[in-house]
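# An overview of the molecular structure
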Amino acid sequence: METTRTEVISTDDGATFNGHLALPASGHGAGVLLIQEIFGVNAYVRDVASRLAGLGYVTLAPDVFWRIQPGVDIDSSDPANIEPAIGIAGQWDPELGLADLGAALQHLHDLDEVTGAVAVVGFCFGGTQAFRIAKELEPACAVGYYGSGIADMLDDLHDITCPTMLHFGGQDDFIPNEQVDAVKTAAADNHHLVIHVHEGAGHAFDNHLAPHFSQPEAAAAAWTETASFLYMHLGGPGIGA
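Residues numbered from 1 in each chain as written. Predicted model: local features only at pLDDT ≥ 70, side-chain atom pairs only at ≥ 80, totals over all residues. Heavy atoms only, no water.

## Describing the sheet that holds strand E6 (residues 142–145)
The mixed open sheet is built from 8 strands, whose spatial order is E1-E2-E4-E3-E5-E6-E7-E8. On the outer flanks of this sheet lie strand E1 (3–10) and strand E8 (193–198), each paired with one strand and no other. Each adjacent strand pair in this sheet contributes to an overall mean axis angle of 20°, direction not counted. Relative to E6, strand E5 (residues 114–123) is paired through 4 bridges, and the arrangement is parallel. Residue pairing for E6: Phe 123 is matched across the bridge by Tyr 145. Lying over the sheet, helix H4 (residues 125–136) contacts strand E3 (29–35), E5, E6 and strand E7 (164–169), oriented at roughly 130° with respect to E5. Packed on one face of the sheet, helix H5 (residues 177–187) meets E7 and E8 and runs near 155° to E8. (Pairing = 2+ DSSP bridges. Helix = DSSP H or I, 4+ residues; strand = E, 2+ residues; numbered from the N terminus. Axes fitted to C-alpha atoms, helices over the stretch in contact; angles between N-to-C directions. Contact = heavy atoms within 4.5 Å.)

## What about the packing of helix H3 (residues 94–110) against H4?
Two elements in contact, H3 and H4, have axes whose closest approach is 11 Å; the angle formed by their N-to-C orientations is 75°. Between H3 and H4, the angle falls in the class roughly perpendicular. Between H3 and H4, the contacting residues are Pro 94, Glu 95, Leu 98, Leu 101 and Leu 105 on the first element and Gln 129, Arg 132, Ile 133 and Glu 136 on the second. Tallied by class, residues from the contact of H3 with H4 come to 5 nonpolar, 1 polar and 3 charged. (Parallel < 35°, antiparallel > 145°, perpendicular 65-115°, else oblique. Nonpolar A, V, L, I, M, F, W, Y, C, P; charged D, E, K, R; others polar.)

## Re the pairing of E3
In terms of residue burial, E3 counts as a mostly covered element, since 7 of its 7 residues are buried. As paired strands, E3 and E5 are joined by 6 bridges and run parallel to one another. Within E5, the residue paired with Ile 35 across the bridge is Gly 122. Both E3 and strand E4 (residues 58–62) contribute to a ladder of 3 bridges, which runs parallel. Note on E4: the bridge partner recorded for Gly 31 is Val 58. Following the backbone out of E3, through helix H1 (residues 43–54) and into the adjacent parallel E4, one traces a crossover that is right-handed. (Buried < 20%, exposed > 50% of the residue type's maximum accessible area, 1.4 Å probe, protein only. Right-handed = clockwise from strand over helix to strand, strands pointing away.)

## As for the pattern of salt bridges
A side chain with one charge can pair with a side chain of the opposite charge if their charged atoms come near. Going through the model one piece at a time under the given rule, you end up with 9 salt bridges. With a closest N to O distance of 2.8 Å, Asp 100 and Arg 67 form a salt bridge. In this pair, Asp 100 sits in helix H3 while Arg 67 sits in the loop between E4 and helix H2 (82–89), placing the two residues 33 residues apart along the sequence. Of the charged contacts in the structure, one is a salt bridge between Lys 135 and Glu 136, with a shortest N-O distance of 2.9 Å. The partly exposed category is assigned to Lys 135, whose relative accessible area is 22%. Under the relative-accessibility criterion, Glu 136 is labelled partly exposed at 45%. Through salt bridges with shared partners, a single network forms among Arg 5, Glu 7 and Glu 113. (Salt bridge = Lys/Arg side-chain N within 4 Å of Asp/Glu carboxyl O.)

That's the geometry; what it means functionally is another story.
In structure tokens, the structure reads:
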């Protein structure tokens, strides 16, 4: 059975912020930095951390918005909460935030329970940040789900050198198909990148706690692909552990 605790992460500028840590039943393993949607480290993100721990990975979900509002935990099941969450995310400083994510990645790597390499997995807002980390910090591997900012960084696709998997929905109201096609075209000559487009799936299809987003069939397919990808690059028990 997994266990959880709160980690205190130190930043480059002398501050600290929290992260939710989920440990696998073994108590140790390779690490996964889990980056939240715009709703903060909420019930859904904690559930994903539990799923990753169930695959055998020490999983850390940092409080990414701590400089704006510490402890953001917004109920993503209510569509009325989308606009307030966008408002918080819009205040996030990308460069300072990337430095904080780098501090979280290093903190995870330094934990005694982490006995292997460290990867990054992100959803929505976090999917874009996982892509940025893949380029700037080069984790063992990276997985980004429906990162809406990736299409704005097409030139960076050529610079990715760590194994990276990107998931998109084929009917995403937030990421038009034209943008997904542009990402696929720009990534075509980079063998480090794997892109899956889940036809018929909309935005945030993995979020099972949000009925207006959840699409279980696409979520299950993407999770199987993600788990296999992590197993390939990190090792571990994998699906069914």
